[in-house]
Amino acid sequence: MPPANPPLSRTGGCAKTEEEEDSSSFRGSGVCKWFNVRMGFGFLSMTHQEDICLDSPVDVFVHQSKLHMEGFRSLKEGEAVEFTFKRSSKGLESLWVTGPGGTPCVGSEKKHKGTQKRHSKGDRCFNCGGPNHHAKECQLPPQPKKCHFCQSITHVVANCPIKAQQLSPGSQGKSTASTTGEEEDMSHAPFPPDSSD
């Protein structure tokens, strides 16, 4: 006996019951052709339809909401998948995507930037210079400001004489003259004559 109120799913603004979707759906298998992790969609390359091998792969659209997996949903390029799909006005669209044998999808190693954790490689306190904490968590009272290059408390990095000595005139497009105050004032230099005359 069918349930009294079958669950509804929305597709393109029209409500359809699962029974209606199942009547027009097909089974397929293949691999993930590509998947955009940031946008949450991609295409599957279907190699088998209803367990019959296809002569050439067929593209099937996939959205992250149709993936069977926990947490952040995505697909890895080349990942083996099984799926149900339907024909729509836009082409073939997947309805439910799983790994082989109905297992959860593996997913991409790439995560959307919003879900990535901050790298702890350079986490240092700007107050004491100690590792594994930040200035707002530092147990020491405020320390005097110091140069981030040579750690001296007599100047800051913009005026560091050691850094100025290590920079060569062609290294970063800056000359050592700019750090010693001998820079020419180019704001009043006349424009070169126009050669098109």
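Note that the coordinates shown come from a computational prediction; the quantities given were computed from them, not determined experimentally. (Residues numbered from 1 in each chain as written. Predicted model: local features only at pLDDT ≥ 70, side-chain atom pairs only at ≥ 80, totals over all residues. Heavy atoms only, no water.)

## Concerning the overall build of the protein chain
Which entries qualify depends on this criterion: Helix and strand assignments follow DSSP, with helices taken as H or I runs no shorter than four residues and strands as E runs no shorter than two, numbered in order from the N terminus. Throughout this description, buried means an accessible area under 20% of the type-specific maximum (1.4 Å probe, protein chains only), exposed means over 50%, and partly exposed covers the range between. The criterion used for residue contact is that any of the two residues' heavy atoms lie within 4.5 Å. Surface exposure here means Shrake-Rupley accessible area, sampled with a 1.4 Å probe, where a residue is shielded only by the protein chains that are shown.
Along the protein chain, the regular secondary structure elements total three helices and seven strands. Taking all 197 residues of the protein chain together, the buried fraction comes to 22%. Pairs at least 24 residues apart make up 42% of the contacts formed inside the protein chain by residues separated by at least 6 positions. For the protein chain, the accessible area works out to roughly 14,900 Å², and carbon and sulfur atoms hold 54% of it.

## Describing the UniProt feature "domain: CCHC-type" (unreviewed entry) in the protein chain
Operational definition: UniProt positions are given in the numbering used here, feature names are shortened, and annotations may be inferred rather than shown by experiment.
The positions that UniProt labels "domain: CCHC-type" (unreviewed entry) are, in the present scheme, residues 124–138. Between the first and last C-alpha atoms of residues 124–138 the distance is 10 Å; the span itself is 0% helix and 0% strand.

## Some remarks on a nonpolar patch on the surface
Counted only if it meets this: Think of a patch as exposed residues, more than 30% relative accessible area, with no salt bridge, where like charges cluster within 9 Å and nonpolar side chains (Val, Leu, Ile, Met, Phe, Trp, Tyr) cluster within 5 Å. We define a salt bridge as a contact between a side-chain nitrogen of Lys or Arg and a carboxyl oxygen of Asp or Glu at a distance within 4 Å.
A cluster of nonpolar side chains, namely Phe149, Val157 and Ile162, defines an oily patch on the protein surface of about 220 Å² accessible area. Position of Phe149 relative to the elements: it lies in the loop between strand S7 (91–98) and helix H2 (161–166). Using a relative accessible area of 36% as the deciding quantity, one classes Phe149 as partly exposed.

## Digging into the nonpolar core
Put simply, the rule reads: To define a nonpolar core, start from buried Ala, Val, Leu, Ile, Met, Phe, Trp, Tyr and Cys residues and group those joined through side-chain atoms within 4.5 Å.
In this structure, Leu44, Val60, Val62, Leu67, Leu75, Phe83 and Val97 are the most contacted members of the largest nonpolar core, which totals 15 residues. Those elements giving two or more residues to this core turn out to be strand S3 (25–36), strand S4 (41–49), strand S5 (52–63), strand S6 (80–88) and S7. The element best represented in this core is S6, accounting for three residues. Among residues more than four places away in sequence, those in contact with Val60 are Gly42, Phe43, Leu44, Met46, Phe83, Phe85, Leu92, Glu93 and Ser94.

## Here's the deal with the pairing of S5
The following threshold applies: DSSP calls a pair of strands paired once it identifies at least 2 bridges connecting them.
Bridge analysis of S4 against S5 gives eight bridges, and the strand direction is antiparallel. From the neighbouring strand, Leu44 faces S5, where its bridge partner is Val60. From the end of S4 to the start of S5, which pair antiparallel, there are two residues, and Glu50 there has a positive phi angle of about 50°.

## With respect to unusual backbone geometry
Peptide bonds are, in most cases, trans, and in most cases residues other than glycine have a negative phi. Residue Glu50 is not a glycine yet carries a positive backbone phi of 50°. Along the chain, Glu50 falls in the loop between S4 and S5. One non-glycine residue, Asp51, adopts positive backbone phi at about 65°. Assessed through its relative accessible area of 62%, Asp51 is described here as exposed.

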